[in-house]
Amino acid sequence: MPVTVYLLYPVVAMVTTVTASVMVYFIYPALLVKWYIRYTVYASGMRVNHVHDGNFKYTYGEKGAQKKGQPTMLLFHGFSTSKDNWVPVVKKLTADHHIIAVDLPGQGGTTRKAKDDLSLMGQVRRMHQFVKLIGLDKQPFHLIGQSLGGTIAGLYAASYPDEIEMLTLICPAMKMPVENEFARELRNGQCCLMPTNPEEAQIMFDCCVYKKTKFPKQVLKAILQLRKPYAEIYAEMVTDLANDENGVLLPQSLTKLTMPTQVIWGEYDQLMDISGVTMLEEGLPNCRRVDIIKNCGHSTNLERPGSVVKLLLQFRRDLGKSS
């Protein structure tokens, strides 16, 4: 066979790969997005693990190893996301920190059951089960939660204070002193975080960030495809979030949060009104830091991960817990 034929092999392989990728992009774009997310998780240094309790599976990412005297960072993500939401933050944290980012019940790779208790306290109990399963309760840890994850983190710390060395609440979902447009719409049964078409998906992203980005329609379609299996559970969670009784659970628990606590908020958060900062600062018995991230919306992890990392490490240094 002529040598020139061999030289064509890489070209043919490249053309085949590109053609296949283009076909996937237009026919099933969610597959490409899923591949990309998996790559970013791998590139962040996280290893994806699973732990079971009977038929219930918890999926989590882990980076680094537990060290005596250095509290593990346990990360709770927000509504309708997963541990992958923490990838930009984890990527910037060195491996000498022990980090665990878990998929909350019903989200990501963690078991989703229609009849499972997805109330705020139900998720707190599930997360406590997870902590015990992986042995994280043997040494007090640094609990960090963002948005819905911030609410669950606060309620977890109030329920199991002996397990928490330090607590970081990043724009937690709760009833704010000032009712903004998002809160009013939620109370009236509407939610920009529940898109049903590409246009609404773009609006969802715009609501979450300060600096808006126009996404290609195929990417928006991919997001909708990836969210579809979770639609029923997301709808249940939104109903719970709109409930006033759930909205005040965290504010009513603030006096129980006696561990050193940090509050982080995006300056231009359109979902969780920044008036919540004052309520937390005044209500927390041991609020050590309040940090406002400039030119940032609600999605602090995605929009300003470097600032989040800097503030987390400063908090740990303040308490003598940084490596």
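Everything that follows concerns the structure shown earlier in this document.
All of these numbers come straight from a predicted model, not from anything done at the bench. (Residues numbered from 1 in each chain as written. Predicted model: local features only at pLDDT ≥ 70, side-chain atom pairs only at ≥ 80, totals over all residues. Heavy atoms only, no water.)

A. Local environment of helix α9 (residues 231-242). Taking 1.5 Å as the rise per residue, α9 with 12 residues should run 16 Å; its terminal C-alpha atoms sit 17 Å apart, in good agreement. Those residues of α9 lying buried are I233, Y234, M237 and V238. The buried side chains of α9 occupy one side of the element, clustering within an arc of 140° when seen end-on. Exposed residues pointing more than 90 degrees away from the buried face of α9 are listed as E232 and T239. At its buried positions, α9 is contacted by α4 (120-133), α6 (181-187) and α8 (217-227). (Helix = DSSP H or I, 4+ residues; strand = E, 2+ residues; numbered from the N terminus. Expected span 1.5 Å × (residues − 1). Buried < 20%, exposed > 50% of the residue type's maximum accessible area, 1.4 Å probe, protein only. Arc of directions from axis to C-beta. Contact = heavy atoms within 4.5 Å.)

B. Representation of the environment of C207. Following the sequence through the fold, C207 ends up in helix α7 (residues 198-208). Note on C207: relative accessible area 15%, which makes it buried. Between the C-alpha atoms of C207 and Y42, which are 165 residues apart in sequence, the distance is 28 Å. Sequence-distant contacts of C207, that is, excluding residues within four places in its chain, are made with C192, Q270 and L271.

C. Spatial organisation of the packing of aromatic side chains. Under the defined criterion, the tally for this structure stands at 10 aromatic pairs. When the ring of F56 is compared with that of Y58, the centres are 4.9 Å apart and the planes differ by 55°; the resulting orientation is tilted. One exposure class covers both F56 and Y58, and it is buried. Both rings, one in Y60 and one in F130, keep their centres 5.2 Å apart while their planes meet at 70°; by these two values the pair is edge-to-face. Taken as a pair, Y60 in strand β2 (residues 56-63) and F130 in helix α4 lie far apart in primary sequence, 70 residues in all. By relative accessible area, F130 is classed as buried at 0%. Three or more aromatic residues joined by ring pairs make a cluster, and in this case those are F56, Y58, Y60 and F130. (Phe/Tyr/Trp six-rings, centres within 6.5 Å; stacked < 30°, edge-to-face > 60°.)

D. Representation of the packing of α7 against α8 in the model. Put simply, α7 and α8 touch, their axes get as near as 9 Å, and they point 90° apart. When the axes of α7 and α8 are compared, the pair comes out roughly perpendicular. Within the contact between the two elements, α7 uses P198, E199, A201, Q202, M204 and F205 and α8 uses K217, L220, K221, I223, L224 and R227. By residue class, the composition of the contact of α7 with α8 is seven nonpolar, one polar and four charged. (Axes fitted to C-alpha atoms, helices over the stretch in contact; angles between N-to-C directions. Parallel < 35°, antiparallel > 145°, perpendicular 65-115°, else oblique. Nonpolar A, V, L, I, M, F, W, Y, C, P; charged D, E, K, R; others polar.)

E. Geometry of the nonpolar core. In terms of nonpolar packing, the biggest core is built from 83 residues, with L74 and F130 touching the most fellow members. Of all the elements, helix α5 (residues 148-159) adds the most residues to this core, at seven residues. Not counting residues within four places of it along the chain, the set of residues in contact with F130 comprises V51, Y58, Y60, L74, I100 and V102. (Core = buried A, V, L, I, M, F, W, Y, C linked by side-chain atoms within 4.5 Å.)

Function-wise, these values are silent; they only describe arrangement.
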